[in-house]
Amino acid sequence: MPQQLLWLELMPFYIREAWLLDERKFREWLDIFTDDVLYFMPRRKNVPRRELQRELTSLGDLAILEEDKRYLEMRVTRLDTGMAWAEEPPSRTRHLVGNLEADKLDNGEVQARTAFMVYRSHLETDSQLLSGCREDVLRKVDGVWKVARRMIVLDANVLLDKNLSVFL
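Residues numbered from 1 in each chain as written. Predicted model: local features only at pLDDT ≥ 70, side-chain atom pairs only at ≥ 80, totals over all residues. Heavy atoms only, no water.

**Comments concerning the overall build of the chain**
Then, number 1: Helix and strand counts for the chain stand at three helices and six strands.
Then, number 2: At 16 Å, the chain has a C-alpha radius of gyration in line with the 15 Å of a compact globule built from 168 residues.
Then, number 3: For the C-alpha atoms alone, the extent of the chain along its principal axes is close to 50 × 45 × 25 Å.
Then, number 4: The buried share of the chain, taken over its 168 residues, is 40%.
Then, number 5: By sequence separation, contacts in the chain at least 24 residues apart represent 59% of the contacts at least 6 residues apart.
Then, number 6: Accessible surface, the chain as shown: approximately 10,000 Å² in total, 53% of it carbon and sulfur.
Then, number 7: Of the side-chain charges in the chain, 26 are positive and 29 negative, and the distance between the mean point of each set is 3 Å. (Helix = DSSP H or I, 4+ residues; strand = E, 2+ residues; numbered from the N terminus. Rg over C-alpha atoms; globule rule 2.2 N^0.38 Å. Buried < 20%, exposed > 50% of the residue type's maximum accessible area, 1.4 Å probe, protein only. Contact = heavy atoms within 4.5 Å. Areas by Shrake-Rupley, 256 points an atom, 1.4 Å probe, with all protein chains shown as cover. Lys, Arg positive; Asp, Glu negative; His and termini not counted. Charge placed at Lys NZ, Arg CZ, Asp CG, Glu CD.)

Below, the structure is given as structure tokens:
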């Protein structure tokens, strides 16, 4: 029963995050992160089955994203300037999140894993579909869940799109 209650508590958190991103409420979205957040997207490599431990790059190695709260704030601020050409006019996105698994850790934090699909439409003909999973460590701050660490693992190992200018 406690596992189900945790799921019921966290799923609205993830649904709200998806809506914040789709409605381009990026400043509000930043509030779901702790001040010491690590937002990390490793590169995925094709490796033989016997070397699967090398499939994802590790922290400090070459990654697609390795950002802290300050860098996320800078990205959001840049979108507001109108100088982020890849997002002018802004993309239309739809974030779908599901398959939530969550476990309480001994220190009171929660380790959560979700699957996602993000559809992005830009201009008349540009579109992309991204899928993968997110592994989060959630921490309660003043009674509210916040993401203290996020690792985003894309299913694709090669991004054929012009840019990755949307948040996952």
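**Observations regarding the layout of surface pockets**
Then, number 1: Roughly 230 Å³ of volume is contained in the largest pocket.
Then, number 2: Only α3 (69-81) and β3 (92-104) provide two or more residues apiece to the lining of the largest pocket.
Then, number 3: Of the residues contributing to the lining of the largest pocket, the split by class is six nonpolar, four polar and four charged.
Then, number 4: The calculated volume of the second largest pocket comes to roughly 180 Å³.
Then, number 5: If you go around the second largest pocket, the residues you meet are Tyr71, Arg75, Arg78, Leu79, Ala84, Ala86, Glu87, Asn163, Leu164, Ser165 and Phe167.
Then, number 6: Within the lining of the second largest pocket, the residues separate by chemical class into six nonpolar, two polar and three charged. (1 Å grid on protein atoms, 1.4 Å probe; cavity = no way out; pocket = protein on both sides within 12 Å on 5 of 7 lines; lining within 4 Å. Points joined across faces, edges and corners; volume = space filled by probe spheres on them. Nonpolar A, V, L, I, M, F, W, Y, C, P; charged D, E, K, R; others polar.)

**A look at a nonpolar patch on the surface**
Then, number 1: There is a patch of nonpolar side chains on the surface, built from Leu96, Met117, Tyr119 and Leu129 and spanning about 400 Å² of accessible area.
Then, number 2: For leucine 129, the location among the structural elements is in strand β5 (residues 126-141). (Patch = residues over 30% accessible without salt bridge, like charges linked within 9 Å, V, L, I, M, F, W, Y side chains within 5 Å. Salt bridge = Lys/Arg side-chain N within 4 Å of Asp/Glu carboxyl O.)

**What to know about the side chain of lysine 69**
Then, number 1: Tracing the chain through its elements places lysine 69 in helix α3.
Then, number 2: Beyond its immediate stretch of four places on either side in the chain, lysine 69 contacts Leu30, Phe33, Thr34, Asp35 and Val37.

**Structural notes on the sheet that holds strand β2 (residues 63-67)**
Pairing between sheet strands relies on hydrogen bonds along the backbone, with the strands arranged either parallel or antiparallel.
Then, number 1: Strand order across the open sheet formed by six strands is β2-β1-β6-β5-β4-β3, with mixed pairing between neighbours. The sheet is open, and its two edges are formed by β2 and β3, each paired on a single side. The sheet shows a mean angle of 20° between the axes of neighbouring strands, direction not considered.
Then, number 2: The sheet contacts of helix α1 (residues 2-22) involve β1 (33-42), β3, β4 (110-122), β5 and β6 (144-154), and relative to β3 the element is tilted by about 160°.
Then, number 3: α3 rests against β1 and β2 of the sheet, and its axis sits at about 80° to β1. (Pairing = 2+ DSSP bridges. Axes fitted to C-alpha atoms, helices over the stretch in contact; angles between N-to-C directions.)

**A few points about the nonpolar core**
Then, number 1: Counting 33 residues, the largest nonpolar core has Trp29, Tyr39, Leu138 and Leu168 as the members making the most contacts within it.
Then, number 2: Those elements that provide at least two residues to this core are α1, α2 (26-30), β1, α3, β3, β4, β5 and β6.
Then, number 3: Setting aside residues no more than four positions away along its own chain, leucine 138 makes contact with Leu10, Phe13, Tyr14, Glu109, Val110, Ala112, Trp145, Lys146 and Val147. (Core = buried A, V, L, I, M, F, W, Y, C linked by side-chain atoms within 4.5 Å.)

**Focus: α3**
Each full turn of the α-helix corresponds to 3.6 residues, which orients residues three or four apart in the same direction.
Then, number 1: Its 13 residues give α3 an end-to-end C-alpha distance of 19 Å, which sits within 8% of 18 Å, the value for a rise of 1.5 Å per residue.
Then, number 2: Residues of α3 that are buried: Lys69, Leu72, Arg75 and Val76. Down the axis of α3, the smallest arc covering the buried residues is 125°, so these residues share one side.
Then, number 3: Residues of α3 that are buried make contact with α2, β1 and β2.
Then, number 4: Between the side-chain oxygen at the start of α3 and the backbone nitrogen of arginine 70 there is a gap of 3.3 Å, and the oxygen is on aspartate 68.
Then, number 5: Glycine 82 lies just past α3 and shows a positive phi near 80°. (Expected span 1.5 Å × (residues − 1). Arc of directions from axis to C-beta. Polar contact = N/O pair within 3.5 Å; in protein donor to acceptor, adjacent residues only side chain to side chain.)

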